[in-house]
Amino acid sequence: MNHRFVFVDIDTQRDFIDPTGSLAIAGVEEIHPNLRRLTQFAREHGIPVIATSCAHQLDEEDPEPFPPHCLLGTPGHDRPEVTAWPGSQIVPLGKPPAFKNVPPHVTLHKKHYDLFTHPFASDLFHRYAASDPIFVVYGVATDYCVKAAVLGLCQRGYRCQVVVDAVRGIHQENETAVLQEFVDHGATLTLTDKVCQG
Ligand SMILES: [Zn+2]
């Protein structure tokens, strides 16, 4: 397994990135080819992927102010083909990872923007960090969950790269400012081409 990189795929679920999804992000299909390339590259090069999934239930209040989306057990919660990973190890809400070694692909369920609100997320990333990898972040939305992930990784002192042509914001007009905030916190910006050159 290649531990120079760990890919962090934020919330690339149907409800966000499929044009028919309940909270589809405008223009998000433009990043589909890059999401596909990154996923394929991870598969071919044994790069571990930590994926996050928004996981809501209709009978529970969404702590974040958005209409119903990514409901557990519905197709909108799942990843579309571009980032799907059959056999991914799920880390359910509030539960510790049920595995010892680092699997090829993990899906961490979360209820809040910030993946680190999952009580075992810090521990999970700590396991992957043993080889001091670069955490390569992509997905959606740049100005919400990607932002929380990047700042959380930087705060923990991890090396973090953001793939600017494989993220998409809800408010695209703020993208430059958000990317600058990532840099100010110590992240570096990269491109799919660069990552996939090794
Ligand atoms: Zn959500």
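Conventions we followed
- Residues numbered from 1 in each chain as written.
- Predicted model: local features only at pLDDT ≥ 70, side-chain atom pairs only at ≥ 80, totals over all residues.
- Heavy atoms only, no water.
- Helix = DSSP H or I, 4+ residues; strand = E, 2+ residues; numbered from the N terminus.
- Rg over C-alpha atoms; globule rule 2.2 N^0.38 Å.
- Buried < 20%, exposed > 50% of the residue type's maximum accessible area, 1.4 Å probe, protein only.
- Contact = heavy atoms within 4.5 Å.
- Areas by Shrake-Rupley, 256 points an atom, 1.4 Å probe, with all protein chains shown as cover.
- Lys, Arg positive; Asp, Glu negative; His and termini not counted.
- Charge placed at Lys NZ, Arg CZ, Asp CG, Glu CD.
- Polar contact = N/O pair within 3.5 Å; in protein donor to acceptor, adjacent residues only side chain to side chain.
- Donors = N, O, S within 2.8 Å, 3.2 Å for Na, K, Ca; no water.
- Phe/Tyr/Trp six-rings, centres within 6.5 Å; stacked < 30°, edge-to-face > 60°.
- Salt bridge = Lys/Arg side-chain N within 4 Å of Asp/Glu carboxyl O.

Draft legend 1. A look at the overall build of the protein chain. When helices and strands are tallied, the protein chain shows 6 helices and 7 strands. Secondary structure elements of the protein chain occur, N-terminal to C-terminal, as β-α-α-β-β-β-α-β-α-β-α-β-α. For 198 residues, the compact-globule estimate of 2.2 N^0.38 gives 16 Å, and the protein chain sits close to it at 15 Å. Counting across all 198 residues of the protein chain, residues that qualify as buried make up 53%. Contacts in the protein chain between residues at least 24 apart in sequence constitute 75% of all its contacts with a sequence separation of at least 6. Counting every atom, the protein chain has about 9000 Å² of accessible surface; 53% of that belongs to carbon and sulfur. Averaged over its 16 positive side-chain charges, the protein chain has a centre that lies 8 Å from the centre of its 24 negative ones.

Draft legend 2. Here's a closer look at the side chain of R79. Within the secondary structure, R79 sits in the loop between β2 (49-54) and β3 (89-91). Classification of R79 as buried rests on a relative accessible area of 11%. A polar contact of 2.8 Å, which involves the side chain of R79, links it to the backbone oxygen of T52. Among the polar contacts made by the side chain of R79, one reaches the side chain of S53 at a distance of 2.9 Å. Setting aside its immediate chain neighbours within four residues, R79 contacts D9, I10, D11, T12, Q13, R14, A51, T52, S53, A84 and T107.

Draft legend 3. Geometry of the coordination of the zinc ion. Around the zinc ion, the protein contributes the donor atoms C54 (SG), H56 (NE2) and H69 (NE2), which lie 2.1 Å from the metal centre. For the zinc ion, the donor residues sit on a single chain with the sequence spacing C-x1-H-x12-H. Of the two residues, H56 is situated in the loop between β2 and β3 and H69 in the loop between β2 and β3; the sequence distance between them amounts to 13 residues. The same class applies to H56 as to H69, namely buried.

Draft legend 4. How the structure looks around the environment of I25. With respect to the helices and strands, I25 occurs in the loop between α1 (14-17) and α2 (32-45). Separated by 115 residues in the primary sequence, I25 and V140 place their C-alpha atoms 8.4 Å from one another. For I25, the residues in contact, after removing those within four places along its chain, are F16, V140, A141, R168, G169 and I170.

Draft legend 5. Inspection of the packing of aromatic side chains at higher detail. Per the counting criterion, the structure on display carries 8 aromatic pairs. Centroid distance F7 to Y138: 5.8 Å. Interplanar angle 85°. Geometry classified as edge-to-face. With F7 in strand β1 (residues 5-10) and Y138 in strand β5 (residues 134-140), the pair connects residues that are 131 residues apart, well separated along the chain. A relative accessible area of 0% means that F7 is categorised as buried. On the basis of relative accessibility, which here comes to 1%, the residue Y138 falls in the buried class. Residues F66 and Y144 carry aromatic rings whose centres are separated by 5.7 Å and whose planes lie at 80° to one another, so their mutual orientation is edge-to-face. Taken together, the positions of F66 in the loop between β2 and β3 and Y144 in the loop between β5 and α4 (145-155) put the pair 78 residues apart, joining distant regions of the chain. Among the residues examined, F66 registers a relative accessible area of 28% and is labelled partly exposed.

Draft legend 6. Local environment of the pattern of salt bridges. Within this structure, the stated rule accounts for 8 salt bridges. One salt bridge connects R168 with E30, and the closest N-O pair in it is separated by 3.1 Å. Here R168 is found in strand β6 (residues 159-168), whereas its partner E30 is found in the loop between α1 and α2, with 138 residues between them in sequence. The exposed category is assigned to E30, whose relative accessible area is 55%.

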